[in-house]
Each structure stands twice: as C-alpha cells, then as structure tokens.
Amino acid sequence: MNYEDLGFKCGIEIHQRLDTRKLFCNCSSSMDEEPEGEVKRKLGAVPGEMGEMDPAALYEFLRDRCFVYKIYPNESCEVELDEEPPHEVRGEALEIALQVSKMLDCDVPYEIQPMRKTVIDGSNPSGFQRTMLVGLDGELDTSKGSVGVENVCLEEESAQILGRQDNTVTYGLNRLGIPLVEIGTAPDIKGPEHARETAEKIGKMLRATGRVQRGIGSIRQDVNVSIEDGSRIEVKGLQDLDILEETVRLEVERQWSLLKIKEELEERSASIPGEVFDVDEVFEGSDSSFYERVLKDKDIKAFVLKGFGGLLAREISGGKTFGKELSEYAEAHGPGGIIHTDEDLGRYELVDEFEDLEEELSAEEEDVVVVVAGKDGLNEAVEAVAERAEEAMEGIPEETRDSNEDGTTSYLRPLPGEARMYPETDVPPIKVSEERMKNIEVPESLEKKKEELVNEGLSEHLADEILDSRLYGLFEEIKDKLGMDVSTLVNLMTVELKDLRKRKDISVKDLTDRDLVEILEAIDEGEVPKDSFGDIVEKVVEGKRSAEEVISKTEALDEETLEKMVVEVLEEKEDLLGDEKAFKKLMGPVMQKVGGKVDGSKVSEVLKEKIEEMK
Ligand SMILES: [Zn+2]
C-alpha cells in the first residue's frame, strides 16, 4: 500500500514508567508485593460537571459500576486512596522528565503547573489523574525526516484492573501514582515501519537515561491512525514494537475496507428500518444444543439490516469480519455478541429457526437479520450494534480501540473529547529556571554507548544485551573493578541469567545487586569456577540464602581430584578410548561428574591429556 496516497496520518504516544518512588507520595514503585486488604468505593460524578462531560466519560459513568481497590503494605497509602493530599512532586522524577524534554529539544515552560484530568473509569479513586506539561514543541530525527514532539508530560500511572465481575471492577493501587513520562508525537509518521522506528528511537532515548523501569508493561504505546475519508482511531496499550507495526498496518486496512463497504452500501441504497423485535418465541422448543446452552435463559431480540447481505461475512482486516466488528459493540454492553444470517448458522444448529425469523421479519435475500441475546445491557447492545451499522453507511466512527496480540484491534469506547483539565490546587507549581535547564545533563545515546562497548571488546550482540538489561547501571559500576574480561562478565550478567530464567524460571529480579556482585567477585578471584555461576545463583534464589553462604560451600576442585575423576570416567567407558570422537563423547559424562565445580575449559584440557595417556 502507498501510505502517502492513502492520506495516512499517524502519531504515537509513549508512556514510560520511571524507576523512582511514587510521584506524590513516598510509596515504592516496585509492584512486587501481595495485596493486604481492600477498600470498596462507588465513584459519583459531581452534578455540575455532568453537563459538560465528554462522551467517553459519560459512557463510563453510565455503566454504573462499583470499584474495589486492593491496598499494599509498602506500595500504597492514604494518598492513593485520596484520603490524604498529595505530597510535593518527586524531584527525581521531575528531573528525568526535564532531561527527556531536553533530549527531545523541547521548550520547557517557565512554570510547571500540576493539573487534574478527569477520569471516571475508576482507575483513580480521586476521579482524576494528575499530570503536568514539562516540554513542548520538540523534535526527533528519524530516517524519514524529523518527527515533531508535541508534548512531554510527567504524570501519575493509573491503577491496573485486576478483575471484573458483574458491575464490580477490582483495581490494584500498587501501580497508581508511579511516575510516568508521556511523550506525544505530531502526526508526522509516514507508515507502519516508520511508526516502529519512531517508537524504538524514543524508547532507546528513555532507556539511555538509565532511570526508567524495565520489563512487561513498563513502556506502552498508544497510536493514532487515520487515512483520508477515514477517522482518527486511537489504539491503546501496545507493548511490543512488532505488534505496533502490524497494528498500524491492519488499522489502515480496516479503514480502507470499511470505506469500501460504505461505498457498496450507498450503491445498494441500504437502510436500517430501526424496528426491534422480541423473538424469544421463534426459538422456543428448538433442539439446538447451542440454544440450550447459550440462548435459552436469555431475552432474544432481532432486527433487520436492509441491503447488508454478504457484507457481514466480509473480512476487513487481520481475519476479522465486518460482522465481528459489529459484534464487539454488543460485547461492550454485556451480551456475548451477535448471531446473523451472513454466517454459518449450521454451527449453531439454528438454520430452520433463522428461516422462520427471516419470514417473520419480512427480510429479503439481500438483507441481514441480526440477533442479540442477553439480560443486562441487552437494549443498549442492540442499540449500539444498530447505530454502528448506521454509521457504516456514513463512514467510520472515531473511537478508542484495544490492541490484540495479533495486531488486530477491538472496539473499546468512543474517542474521548479533549481532556478537561483543572489546576491541581493541592500541589504548588514549580518554577524551572534557565540555569536549572542548563545544568541538566543529557545522557549519551545508546548508539554511542554501544560503540564504546564494542571498542572495549564486546561483540555487537553482547553490547545490545547489556544495554537492554536493567543491570546496565550495575555493569558500568563494577566492570573496571573486576579483573575478568568484559565479554565474560556481560555473558554472565545477560546470557547466563536469561538462560536460567528460561530453564528454571529464576528471574534476575529475585537476586539482589549485592548478591550478584558477590558471586561475580568470587568468580573473579578464582574462589569458585565460572561454570558454577548458574548453580550458585539458583541456590541463592531458591534457597533464600546469601551469596556469601553459598559461595563458602561451593569448593573449587583441586587439579588432583579432577584428574582422579576424569580417570574414573575413562575407566568406566574404556571401550570409547579408541574412538576417533572419544573426546566429544566423553566430555558430557565428565562434566556431569564434576558438576560445575571446575571450568569447562580446564576439564577439557585434562580430559584430552588423559585420553592421550590411556589409549
Ligand atoms: Zn502512597
């Protein structure tokens, strides 16, 4: 596809959690505790504000939900619960945000004013999120020219949804209030690959500060996409660059397909009569097992889409059909989706029933009959699907969509209007002097750091590994203090630890920096062999023991004992001695016997010697 000809427009918004304590209180941002209790709340909107509530906010409010907040010993307090006013803005977090603004060549306001942004989806017990603009009008160099940076904000992370049941949503307060840097680009992105490049560049820039969180969920992208005659669609919560690229591609395809459908509906003079029928009776007594299982205890409603025949079965993007697109509007209100005459009704064993239904509703060959079944939210679901079908004749509705793993998206809610903001009166504004900005150091770019590491003797691969690791800071701190060669050190700190996670599900997070350094030092000083690294880490983590204790119990084998062990193995496997591949075949059994107490290179040396002697 030629994206320029399509009138492609795209901007991204990047949200990166910072590796500091929380923004407005002193709670930890680590998110590794279990909850210790919960608080129940019902959010109400202030009546005066209702009149000017934007559609997205109203939508959430009308769903009338109850919220449960999980509280944590060190990761939430009265501030998250809105029972205590926010403390001052965390200076360290502001410093990082200013640093990022400087890296992106932004103008920094002379005075930074914390604001409140209304949120009533329950993700913040106060009903608003605090945010502050720290930079604007910046730019980022990319391979396809400069991409404008509209704003850099420092804000508080929302609470995350832990579960939903009926009208109750449960949130975890441990995530609420973690400092987040939000970077919004101008719609200058030129295509899916360019979207990826832009996100990747900004991500690297953020990591170069050395003060951002790592791991799943710590960086998220929202992407805005539209094509000519299409609409602005916001896809939320992308966490993977491959998926981001695919999502942009598929969203363009979706809009393009929907515009084709619009043209066809026009040609066919399609219409939606609007009458909704109660059709429980048509299905009563059906011997379909799907009816028994899914429909029987629900109310069933049906309506006709005139002239839509065949279109609901059409694939619009990434394997999803137009019928599925409509179905998600029903799902958003509670019912499980829709059943329609454009799909294989044999699957539901409901062929005869739908024939009766078509007759009863006087549907013609070129029409589609849509059925929605449910209890709660049924009327809203029917209305939403009919409205969405109506919109298909006019174009594409602007909306917020959720991202899926395969790059497709699902309807989430209407696109919010411009967020309404009010000054946060509990937190004083912060003056940023020119002097202060001048003194903020811009970190070296990751590309530059990589170059230096390669010059120090690392392979490109190992340089990438350590730059991408949350241990990078620690590595910089210790590399000159240890005598071991830097490749060996990085290999242990990245490849070996990753391998351990894959094989034994042991994460670096379970190991304190201090323990790790102690193990590395012991290896460096020859107290324990390099090959026992994995074993020691495992014993420390699994046994909840200190590195010192484990190291003291890990003896290195002396050469004499090693030789004895090798000879024992060779005697057992005497018949292999004459074999051309004796060394290859014997190395495994010998290593097993030695059990990581001596380095592989030493073992192989002794083994070769002994094979020669004994054959
Ligand atoms: Zn707190």
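Okay, so let's go over this structure. Everything numeric here is computed off the predicted structure, so don't read it as measured data.

Criteria and thresholds
- Residues numbered from 1 in each chain as written.
- Predicted model: local features only at pLDDT ≥ 70, side-chain atom pairs only at ≥ 80, totals over all residues.
- Heavy atoms only, no water.
- Helix = DSSP H or I, 4+ residues; strand = E, 2+ residues; numbered from the N terminus.
- Buried < 20%, exposed > 50% of the residue type's maximum accessible area, 1.4 Å probe, protein only.
- Contact = heavy atoms within 4.5 Å.
- Areas by Shrake-Rupley, 256 points an atom, 1.4 Å probe, with all protein chains shown as cover.
- Lys, Arg positive; Asp, Glu negative; His and termini not counted.
- Charge placed at Lys NZ, Arg CZ, Asp CG, Glu CD.
- Core = buried A, V, L, I, M, F, W, Y, C linked by side-chain atoms within 4.5 Å.
- Donors = N, O, S within 2.8 Å, 3.2 Å for Na, K, Ca; no water.
- Phe/Tyr/Trp six-rings, centres within 6.5 Å; stacked < 30°, edge-to-face > 60°.
- Lys NZ or Arg CZ within 6 Å of the ring centre and 35° of its normal.
- Pairing = 2+ DSSP bridges.
- Axes fitted to C-alpha atoms, helices over the stretch in contact; angles between N-to-C directions.
- Left-handed = near helix turned anticlockwise from the far one by under 90°.
- Nonpolar A, V, L, I, M, F, W, Y, C, P; charged D, E, K, R; others polar.
- Expected span 1.5 Å × (residues − 1).
- Parallel < 35°, antiparallel > 145°, perpendicular 65-115°, else oblique.
- Salt bridge = Lys/Arg side-chain N within 4 Å of Asp/Glu carboxyl O.

1. Examining the overall build of the protein
Next up, step 1: Scanning the protein from terminus to terminus reveals 21 helices and 22 strands.
Next up, step 2: Considered along the principal axes of its C-alpha atoms, the protein spans approximately 95 × 70 × 55 Å.
Next up, step 3: Every one of the 615 residues in the protein was classed for burial, and the buried ones make up 50%.
Next up, step 4: A sequence separation of at least 24 residues applies to 73% of the contacts in the protein between residues at least 6 apart.
Next up, step 5: Of the accessible surface of the protein, which amounts to about 30,100 Å², a share of 44% is contributed by carbon and sulfur atoms.
Next up, step 6: Of the charged side chains in the protein, 79 are positive and 147 negative; the average position of the first set lies 5 Å away from that of the second.

2. A few points about the nonpolar core
Next up, step 1: Core analysis: the biggest nonpolar cluster contains 81 residues, and Leu154, Leu305, Phe308 and Phe322 have the highest contact counts within it.
Next up, step 2: Those residues in contact with Leu154 that lie beyond four places of it in its chain are Leu18, Leu23, Val89, Ala93, Leu94, Ala97, Thr131, Met132, Val134, Pro179, Leu180 and Val181.

3. Side note on the coordination of the zinc ion
Next up, step 1: Listed as protein donors to the zinc ion are Cys25 (SG), Cys27 (SG), Cys77 (SG), Glu80 (OE) and Glu80 (OE); their distances from the metal cover 2.2 to 2.6 Å.
Next up, step 2: All donors of the zinc ion belong to a single chain; written as a sequence motif, their spacing is C-x1-C-x49-C-x2-E. Pair noted here: Cys25 is in the loop between strand E1 (9–17) and strand E2 (37–41) and Cys77 is in the loop between strand E3 (66–71) and helix H3 (91–103), with a separation of 52 residues, a long-range link.
Next up, step 3: Overall, the relative accessible area of 26% leaves Cys77 in the partly exposed class.

4. Here's the deal with the packing of aromatic side chains
Next up, step 1: Going through the model one piece at a time under the given rule, you end up with eight aromatic pairs.
Next up, step 2: Aromatic pair Tyr3 and Phe8: ring centres 5.3 Å apart, planes at 70°, arrangement edge-to-face.
Next up, step 3: Each residue in the set Phe67, Tyr69 and Tyr171 is aromatic and connected to the rest through ring pairs, giving one cluster.
Next up, step 4: The residue whose ring lies beneath Arg130 is Phe24, and the NZ or CZ to ring-centre distance is 5.3 Å.

5. Looking at the sheet that holds strand E9 (residues 168–172)
Next up, step 1: Sheet architecture is open: four strands sit in the order E2-E3-E9-E8, paired in mixed fashion. Every interior strand has two partners, whereas the edge strands, E2 and strand E8 (160–165), have only one. The sheet shows a mean angle of 25° between the axes of neighbouring strands, taken without regard to direction.
Next up, step 2: Where E2 meets E3, five bridges bridge the pair, whose relative direction is antiparallel. Paired with Val39 across the two strands is Tyr69, which belongs to E3.

6. So, the sheet that holds strand E21 (residues 421–423)
Sheet strands associate in pairs through backbone hydrogen bonding, adopting either a parallel or an antiparallel arrangement.
Next up, step 1: Overall, mixed pairing links the ten strands, which are arranged E20-E19-E12-E11-E1-E10-E7-E6-E5-E21 in an open sheet. Each end of this open sheet is capped by a strand with a single partner; those strands are strand E20 (409–414) and E21. Across the sheet, the mean angle separating the axes of adjacent strands is 30° when strand polarity is ignored.
Next up, step 2: For strand E11 (residues 219–226) and strand E12 (residues 233–238), the ladder comprises four bridges, and the chain directions are antiparallel. Within E12, the residue paired with Asn224 across the bridge is Glu234.
Next up, step 3: Packed onto the sheet, H3 meets strand E6 (128–142), strand E7 (145–156) and strand E10 (179–185) and runs at close to 170° relative to E7.

7. Regarding the side chain of Ser101
Next up, step 1: Relative to the assigned elements, Ser101 resides in helix H3.
Next up, step 2: According to the relative accessible area criterion, Ser101 is buried, its value standing at 0%.

8. Quick look at the packing of helix H15 (residues 486–504) against helix H16 (residues 513–524)
Next up, step 1: It is the contact of H15 with H16, at a shortest axis distance of 12 Å, that shows an interaxial angle of 145°. Pair H15 / H16 crosses with right-handed handedness. Contact with H15, carried on its side by Leu489, Leu492 and Met493, involves Leu516, Leu520 and Ile523 of H16 and no other residues of that element.
Next up, step 2: Here the contact of H15 with H16 is composed, by residue class, of six nonpolar, no polar and no charged.

9. Description of helix H4 (residues 192–208)
Next up, step 1: Between its first and last C-alpha, H4 extends 24 Å over 17 residues, near the 24 Å set by a 1.5 Å rise per residue.
Next up, step 2: Of the residues one or two after H4, Gly210 is the one with positive phi, at around 70°.

10. A look at the pairing of strand E18 (residues 368–374)
Next up, step 1: Counting buried residues along E18, seven of its seven residues qualify, which places the element largely inside the surrounding structure.
Next up, step 2: Every second residue of E18 is oriented toward a common face, with Val368, Val370, Val372 and Gly374 on one face and Val369, Val371 and Ala373 on the other, all of them buried.
Next up, step 3: Direction of pairing for strand E14 (residues 299–305) relative to E18: antiparallel, over a ladder of seven bridges. The residue of E18 that forms the bridge with Phe303 is Val370.

11. Focus on the packing of helix H12 (residues 446–455) against helix H13 (residues 460–467)
Next up, step 1: Packing of H12 against H13 leaves a shortest axis separation of 9 Å and a crossing angle of 130°. The angle between H12 and H13 falls in the class oblique. In the crossing of H12 with H13, the sense of the turn from one axis to the other is right-handed. Here Leu446, Lys449, Lys450, Leu453 and Val454 of H12 come into contact with H13, specifically with Glu460, Ala463, Asp464, Ile466 and Leu467.
Next up, step 2: Of the residues that constitute the contact of H12 with H13, the class distribution is six nonpolar, no polar and four charged.

12. Describing the pattern of salt bridges
Next up, step 1: Using the criterion set out here, one finds 52 salt bridges in the structure.
Next up, step 2: Between Glu111 and Lys431 there is a salt bridge, and its shortest N-O distance comes to 2.9 Å. Taken together, the positions of Glu111 in strand E4 (residues 111–112) and Lys431 in strand E22 (residues 430–431) put the pair 320 residues apart, joining distant regions of the chain.
Next up, step 3: Residue classification places Glu111 among the partly exposed positions, given a relative accessible area of 33%.
Next up, step 4: Arg503 serves as the salt-bridge partner of Asp499, at 2.9 Å between the closest nitrogen and oxygen. Taken as a pair, Asp499 and Arg503 lie in helix H15 at a separation of four residues, close to a single helical turn.
Next up, step 5: When its relative accessible area of 31% is taken as the criterion, Asp499 is described as partly exposed.
Next up, step 6: Look at the salt bridges and you will find they share partners, linking Glu251, Arg254, Lys320, Glu325, Glu328, Arg388, Glu399 and Arg401 into a network.

These figures capture arrangement, not role.
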